[in-house]
There are 2 protein chains.
Amino acid sequence: MATPLGPGAEFDLIRRFLADADAGQHPDVRVGPGDDCAVIIGDGIAITVDMTVEDVHFRRAWLEPEEIGYHAAAGAISDLAAMAARPVGILASVALGPGDEAGVGPAVMRGVVAAARDAGAVLLGGDLTRSPGPLVIDIVAAGDAPRPVLRSGARPGDEVWVTGALGGAAAAVAAWLDGREPSALARTAFARPTPRVREARWLAERGVPTAMVDLSDGIAGDAGHIAAASGVGLVIRAHALPVAAGAASAPDAVRLAAAGGEDYELCFTASPGSVTGAPGEAEATGAGGLAVAFEAEFGVSLTRVGEVVEGSGVEVLDEAGGPLSLRGFQHWGHP
Amino acid sequence: MATPLGPGAEFDLIRRFLADADAGQHPDVRVGPGDDCAVIIGDGIAITVDMTVEDVHFRRAWLEPEEIGYHAAAGAISDLAAMAARPVGILASVALGPGDEAGVGPAVMRGVVAAARDAGAVLLGGDLTRSPGPLVIDIVAAGDAPRPVLRSGARPGDEVWVTGALGGAAAAVAAWLDGREPSALARTAFARPTPRVREARWLAERGVPTAMVDLSDGIAGDAGHIAAASGVGLVIRAHALPVAAGAASAPDAVRLAAAGGEDYELCFTASPGSVTGAPGEAEATGAGGLAVAFEAEFGVSLTRVGEVVEGSGVEVLDEAGGPLSLRGFQHWGHP
């Protein structure tokens, strides 16, 4: 499906990347990799881009090259999930540091392609260049979003929910920064996160989310985007947050769950009762609402963690109802 | 049109970038910047990405920050032109080096937005992060391409044409690498190239190009993509190449035109006589074929520079009909 490229060292590497990628094999791809652009079709194409920089977002000592690629691509694909888009393809811009052409570059690309494949997307192209220093991976993800779920639909009275569990990826980073090896669970949460692509579409098909984001920077920060876009306030109860198994033993587990980034779970708002059913309804139907069906379908929990209120911004409350201190947890890359 | 973002230093910078960008104001944009993804509509969406790395593709001493941004964005938009796509929007991933947040970053983004605006596109989003060293700018360009012109349609007997003139950008780079200040013409060719967006659509609407690429790496290399994709050979006559005014005085002007990159002109193949009219036709109609109309419309020349033949690869011939030596002109970044 890939268009053959002309000669040159750059294109030899690209050929190698494309060889085992099932490149461009997707019904919504009209032009696959190897031309000047890829062309995809759909009724509203969602596009996002997510840049990962060595020694800002990760260190080489932490991850295998394939994991570096997987982590980078999953972050971009998660943005598609946040809109309930159906992933179609990704493009990967990669700047390779000195000596990376032979082993590291192809391995990074294998991880990128694996993350795409796990989300139902194919490799559509990209760009390849040298870097004078850091490895840089910028992933473009594109998908079909006929009815995107926006950040702007939250209304006072709505409930705030999250998928899965939080703090696992941050626990791994905290361990590495502390000179310790993270637990296997925490490590996997960081190295191979699972964008909630199918979960988001399941929820959106049932009209559940009034607004949605993915948790790349931690719920304390990312919920602020829903608040700002919707013109509302969000109150998050820190002790209601589902703490990931990989973070549970950490002394600051609740803070890791509240402010740790890169879990790539979803945070969404929903009309009162729309997830659990109206009061008494669950008992009447025996269904327990959509949360039970969701967990049965995906093996992923849904947890109510707060409310939408009149006002602005995000308040994260501790167990006593006071503001949780998140000093030192501001996120703009870790190392 | 931009969705408001939550608090944070990264988002303060993004807000500043979006403020003067007419962000998202385009009829084909369904969701503009500030949400998890942008969403655009069209009958086939062309997507491309082009990464520019400090000290690989440019040096800071060469360009003003706005020019760095303009150059980076023009390179990506030129890929849309190569498919005769209509630009809709761009996303900009930028990794800022130490100290770049205040002055350099916003200036780079002004250049990016200017290039987008000049091509009829709007800023749709992006990503912003730190870099431990080099400034990195990765530009995603997206546009509507209901009938994309591919690289794969060239047939033996077709003519090879280029728009505009070649070698200007390479002359600037050669001067800088040589410790000289380039001429104003050469400098502008590198710093503010003009992607041939309207020219490409004009040609495609008239059914002229059988295959097309943009000249980012030099025609000697880029023509190889048409050859490989189409399963043909291309013969380029170096002394027929239109040499840019900024390169004309260089001792190796013909080599700069043949192998110098980043002119962002178009190279396309066309059925015999389709550009100039069949033999005698120009005289009969007084029209001089499409080339005259093209030059009248755009003030940009069309020059026939070679032929498509049976075989494979690209042969660049010198004045005597032997192979032109392009040793030392292999392109994978310059500095």
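Heads up: these notes are all about the structure in this document. Computed from a predicted model, the values in this text were never measured in an experiment.

Scoring rules and cut-offs
Residues numbered from 1 in each chain as written. Chains lettered and ligands numbered in written order. Predicted model: local features only at pLDDT ≥ 70, side-chain atom pairs only at ≥ 80, totals over all residues. Heavy atoms only, no water. Helix = DSSP H or I, 4+ residues; strand = E, 2+ residues; numbered from the N terminus. Buried < 20%, exposed > 50% of the residue type's maximum accessible area, 1.4 Å probe, protein only. Pairing = 2+ DSSP bridges. Axes fitted to C-alpha atoms, helices over the stretch in contact; angles between N-to-C directions. Contact = heavy atoms within 4.5 Å. Salt bridge = Lys/Arg side-chain N within 4 Å of Asp/Glu carboxyl O.

Observations regarding unusual backbone geometry
Residue and element names in this part refer to chain A.
- Of note, D55 is a non-glycine position whose phi angle comes to about 70°, a positive value.
- Mapped onto the fold, D55 is located in the loop between β3 (45–53) and α2 (65–82).
- We classify D55 as partly exposed; its relative accessible area is 38%.
- Of note in this structure, A84 is not a glycine but carries a positive phi near 60°.
- By the element assignment, A84 lies in the loop between α2 and β4 (86–96).

Details of the sheet that holds β3 of chain A
- Read across the sheet, six strands follow the order β5(A)-β4(A)-β6(A)-β3(A)-β2(B)-β1(B) without closing on themselves; strand pairing throughout is mixed. At either margin of the open sheet sits one strand with a lone partner, and together these are β5 (122–130) of chain A together with β1 (29–31) of chain B. Adjacent strand axes in the sheet meet at a mean angle of 25°, parallel and antiparallel pairs treated alike.
- Pairing between β1 of chain B and strand β2 (residues 38–40) of chain B: two bridges, direction antiparallel. By the bridge assignment, V31 of chain B is partnered in β2 of chain B with V39 of chain B.
- Packing of α2 of chain A onto the sheet brings it into contact with β3, β4 and β6 (136–144) of chain A, and relative to β6 of chain A it is tilted by some 35°.

Quick notes on the pattern of salt bridges
- Within the structure shown, the criterion is met by 34 salt bridges over all chains.
- A salt bridge links R30 of chain B to D43 of chain A, with the shortest nitrogen-to-oxygen separation between them at 3.7 Å. Residue R30 of chain B is found in strand β1, and its partner D43 of chain A is found in the loop between β2 (38–40) and β3; the two belong to separate chains.
- By relative accessible area, R30 of chain B is classed as partly exposed at 38%.
- Between R110 of chain B and E66 of chain B there is a salt bridge; the shortest N-O distance is 3.5 Å. Linking R110 of chain B in helix α3 (residues 104–118) with E66 of chain B in helix α2 (residues 65–82), this pair joins segments that are 44 residues apart in sequence.
- E66 of chain B gets classed as partly exposed once you look at its relative accessible area, which sits at 33%.

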